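Residue-level structural notes
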Amino acid sequence: MKHYILASLACMVLSVPALAQQAADAVDPETAAIGTVEAASPEIAAALKAKAAGHPVEAQDWMVAAANPLAVQAGGDILRKGGSAADALIAVQTVLGLVEPQSSGLGGGAFLVWYDGESGELTTLDARETAPLAATPRLFLDDKGAPLKFFHAVVGGLSVGTPGTPALLEELHRRWGRTAWPTLLDPAIRLAEDGFTVSPRLAGMIANDAEKLGRFDSTAAYFLPDGAPLQAGAILKNPAYADTLRRMAEQGAQAFYTGPIAADIVRTVTGAEGNPGVLSALDLAIYQVRERAPVCAPYRIYQVCGMGPPSSGALTVGQILGMLDHYDLSESGKDSTESWRLIGDASRLAFADRGRYMADSDFVPMPTAGLVDPAYLSERAKLLAGDDALPEVSPGNPEFDHASNWADDRSLEFPSTSHVSIVDQYGNVASMTTTIENGFGSRLMVRGFLLNNELTDFSFATHENGVPIANRVEPGKRPRSSMAPTIVMQDDAPVLAIGSPGGSRIIGYVAGAIIAWADWDLDVQQALALPHAVNRFGTFDLEAGTEAEKLQSGLEELGYEVEIRDLTSGLHAIEISADGLKGGADPRREGIALGE
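Residue positions are counted from 1 within each chain, in the order its sequence is given. With the structure being a predicted model, the display of local features is reserved for residues of pLDDT at least 70 and the display and counting of side-chain atom pairs for 80 or more, all residues being used for whole-chain, interface and lining totals. Just so you know, side-chain values use all the structure's heavy atoms and leave hydrogens and water out.

To continue, consider the overall build of the protein chain. Labels follow the DSSP assignment, with helices taken as runs of H or I lasting at least four residues and strands as runs of E lasting at least two, numbered in each case from the N terminus. In terms of regular secondary structure, the protein chain is built from 22 helices and 23 strands. In the protein chain, which comprises 596 residues, the proportion classed as buried is 61%. In the protein chain, of all internal contacts separated by at least 6 residues, the share reaching a separation of at least 24 is 74%. Only the protein chains shown count as cover for residues, with accessible areas throughout obtained via the Shrake-Rupley method and a probe of 1.4 Å. For the protein chain, the computed accessible surface area is about 21,200 Å², with 48% contributed by carbon and sulfur atoms. Partly exposed residues are those whose accessible area sits between 20% and 50% of the maximum for their type, while under 20% is buried and over 50% is exposed, using a 1.4 Å probe and protein chains only. Whether two residues touch is decided by their heavy atoms; if any such pair falls within 4.5 Å, the residues are in contact.

In structure tokens, the structure reads:
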């Protein structure tokens, strides 16, 4: 039996019940714009209602879970025709860059975790943006040596790093592709030329960011036509993006990193009025995707594997789970303050190590193995043995290959990112988190796509009390990230692909969903929908309007400060078993799962 969530629902409201209702409503195919439902069916409506009720999507051969239905449909079409997960990922990403431009695109970067169904090997690819060669540790300091205010640095050219996403897409195709490269760009090209329906989420984000989007003419002309923000339901065309993709279809990623496109990127960055950057043609021409060793940490009967430095994601998730492996969370359960005390303080301890040690290991010595060493995590886990909140946390002393002394980092990381999970009929599994950092990145638009502001993921300060900060800016360096694309393994086989956007809260979102799935016997959709409780630096963030609010008084009695707030993760996951595939999409956003 096939189970579908039709991925061509672009004009959606964000609540899951409304998704189900929209699928049940008939749509006239003669008047529907590209990206709307061609014909409603009971099967489609039932699948959407199943999501609303918390049921996963089930399939046998392949599955895609991502942040926008149009992108999911593009990937599903590729898989249905025999393409690989790598092929589908290229189609998904290029469509996401069009319909969800605030979160990812050609002007950004990504991390990929890949399981090869034939060889059984796990590979991680780093397509993080790099600091320009002309950047110095003083890039984000003012004339007096004080750090700039965050958005003074973000908006404009100063924050733009060398994009990595186009190079990653080409590398994906070179290694694991089965479908002709131009074919994979066709869905995004067609949507860009014919137009797509602006979703409520995109419209809302444009309205909220109108002042910054209006700073640069080309960006304003696209998102604020006639001076007003685009409205949900509007049909938006992007011929410049179609032209960029056509050039890439003909010439590969070289068309992006050299020639007219590269020249326009450099001209836009260095000419950004009021806040020019230092990106050069050479920075683009020499960019390379790097293969890194996966970081894996044990949890229960599993190995939780992900991206190592310059990402802090796999290390910090691995540390949290490695400490919690010494405690039985299944006994206390998901509604217990005792469970969340353990999770919260394990996270605080892991974030203390993150702030001290984690950065681009090509530039600073990293105790990568030591941070997830079972003996080290066992010692750190002993700190959780009390019955109330830890009064304070500090970095530990993992085994280190090099003597080093670093100061604690306080860099910011904002949550506009996207995650894609894909499984194909050949047994390949892809987990990719992709970003341009802050919503709409630097707000600079070139040839139909936005440029990132990833350089603001570096620490603005270079030293603390004379001690250098590991994540400071350096030429060619990749800023630390919290992106945590993850593949959970059992007996050397993948059983779960998962990841999320959310800035540094990504770590808590991913760790929490894995705990819910592994310890609390929730299916993959229920695990993604579980109310969030996240603690990074001492304050417990509880998700507003959910059952998590009931934890407030108990956590406060344990000594925590508590803040009730919106926590809009974008988790997308696929569970893999002998019985088939089960997919889930975070109900907080407009993403879906699709499979057959």
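There is more to say, and it comes next.
So, about the UniProt feature "binding site: L-glutamate" (unreviewed entry) in the protein chain. Under the UniProt annotation, the feature "binding site: L-glutamate" (unreviewed entry) is placed at Arg-128, Asp-457, Ser-481, Ser-482 and Gly-503. With respect to the helices and strands, Asp-457 occurs in the loop between strand 13 (449-450) and strand 14 (463-464). According to the relative accessible area criterion, Asp-457 is buried, its value standing at 3%. Residues adjacent in sequence count toward polar contacts only when both atoms are side-chain atoms; beyond that, a polar contact is any pair of N or O atoms within 3.5 Å, and within protein one must be able to donate a hydrogen and the other to accept it. A polar contact of 2.6 Å, which involves the side chain of Asp-457, links it to the side chain of Arg-128. Position of Ser-482 among the secondary structure elements: in the loop between strand 15 (467-468) and strand 16 (486-490). Of note is the side chain of Ser-482, whose polar atom sits 2.7 Å from the side chain of Arg-354. UniProt positions are given in the numbering used here, feature names are shortened, and annotations may be inferred rather than shown by experiment.

So, on to the sheet that holds strand 18 (residues 533-535). Strand order in the open sheet formed by three strands is 18-19-20, with mixed pairing between adjacent strands. Edge strands, defined here as strands with exactly one partner in the open sheet, are strand 18 and strand 20 (561-565). Between one strand and the next, the sheet's axes are offset by a mean angle of 25°, whatever the strand orientation. Here, a strand pair is defined by DSSP locating no fewer than two bridges between the strands. With five bridges connecting them, strand 19 (residues 539-543) and strand 20 associate as parallel partners. Its bridge partner lying in strand 20, Leu-542 is registered against Ile-564. Against the sheet, helix 17 (residues 337-357) contacts strand 18 and strand 19, and its axis sits at roughly 35° relative to strand 18. Here an angle of 0 to 180 degrees is reported between the N-to-C directions of two axes, which are lines fitted to C-alpha atoms, with helices fitted over the stretch in contact.

Moving on: the sheet that holds strand 1 (residues 57-59). The strand order 1-22-21-17-16-9-8 describes an open sheet built from seven strands, whose pairing is antiparallel. Among the strands making up the open sheet, the edge pair consists of strand 1 and strand 8 (295-299). Between one strand axis and the next, the sheet turns by 25° as a mean value, whatever way the strands run.

Moving on, we get to the state of the cysteines. Working definition: the covalent bond between the sulfur atoms of two cysteines is a disulfide. Disulfides are defined as cysteine sulfur pairs within 2.5 Å. Evaluated as defined, the whole model comprises one disulfide. With a sulfur-sulfur separation of 2.1 Å, Cys-296 is cross-linked through a disulfide to Cys-305. The S-S bond linking Cys-296 to Cys-305 shows a torsion near 115°; that makes this disulfide right-handed.

We now examine a nonpolar patch on the surface. Each patch is built from residues lacking any salt bridge and having more than 30% relative accessible area; the joining distance is 9 Å for like charges and 5 Å for nonpolar side chains (Val, Leu, Ile, Met, Phe, Trp, Tyr). Whenever Lys or Arg places a side-chain nitrogen within 4 Å of a carboxyl oxygen from Asp or Glu, that contact is recorded as a salt bridge. There is a patch of nonpolar side chains on the surface, built from Leu-133, Leu-282 and Ile-286 and spanning about 270 Å² of accessible area. With respect to the element layout, Ile-286 can be found in the loop between helix 14 (281-285) and strand 7 (290-292). Here Ile-286 falls in the partly exposed class, since its relative accessible area comes to 45%.

With that out of the way, let us pick up the packing of aromatic side chains. Any pair of Phe, Tyr and Trp rings, taking the six-membered ring for Trp, is counted once the centres come within 6.5 Å. Such a pair is stacked with planes under 30 degrees apart, edge-to-face with planes over 60 apart, and tilted for the rest. Per the stated rule, a full pass over the model turns up 13 aromatic pairs. Both rings, one in Phe-150 and one in Phe-460, keep their centres 6.3 Å apart while their planes meet at 15°; by these two values the pair is stacked. Linking Phe-150 in helix 5 (residues 150-154) with Phe-460 in the loop between strand 13 and strand 14, this pair joins segments that are 310 residues apart in sequence. Residue class for Phe-460 comes out buried when judged on its relative accessible area of 11%. Arranged with centres 4.9 Å apart and planes meeting at 85°, the rings of Tyr-222 and Phe-223 form a pair that is edge-to-face. By definition, being over a ring means that NZ of Lys or CZ of Arg is both within 6 Å of the ring centre and within 35 degrees of the ring normal. Sitting over the face of the ring of Tyr-426, Arg-178 holds its NZ or CZ atom 3.8 Å from the ring centroid.

A few words now on the environment of Arg-246. Relative to the assigned elements, Arg-246 resides in helix 11 (residues 239-251). Once you skip the residues sitting within four places of it in the chain, Arg-246 turns out to touch Ile-189 and Glu-193. In terms of polar contacts, Arg-246 uses its side chain to reach the side chain of Glu-193, at 2.4 Å.

To continue, consider the packing of helix 3 (residues 69-80) against helix 4 (residues 85-99). Helix-helix packing is characterised by the crossing angle of the two axes and by the distance between the axes. Where helix 3 contacts helix 4, the two axes come as close as 8 Å, and the packing angle between them is 155°. By the angle between their axes, helix 3 is roughly antiparallel relative to helix 4. The handedness of the crossing between helix 3 and helix 4 is right-handed. Here helix 3 contributes Leu-70, Ala-71, Ala-74, Gly-75, Ile-78 and Leu-79 to the contact with helix 4, which in turn contributes Ala-85, Asp-87, Ala-88, Ala-91, Val-92, Val-95, Leu-96 and Val-99. In the scheme used here, Gly and all other residues not listed as nonpolar or charged are polar, with Ala, Val, Leu, Ile, Met, Phe, Trp, Tyr, Cys and Pro taken as nonpolar and Asp, Glu, Lys and Arg as charged. Among the residues making up the contact of helix 3 with helix 4, the classes are represented as twelve nonpolar, one polar and one charged. Here the angle decides the label: under 35 degrees means roughly parallel, over 145 means roughly antiparallel, 65 to 115 means roughly perpendicular, and every other value means oblique. Left-handed describes a crossing in which the near helix is turned anticlockwise from the far one by less than a right angle; the clockwise case is right-handed.

Before going further, it helps to examine the pairing of strand 23 (residues 592-595). Burial along strand 23 is two-sided: Ile-592 and Leu-594 facing one way and Ala-593 and Gly-595 facing the other are all buried. Across four bridges, the pairing between strand 2 (residues 63-66) and strand 23 is antiparallel. Residue pairing across strands places Val-64 opposite Leu-594, the latter belonging to strand 23.

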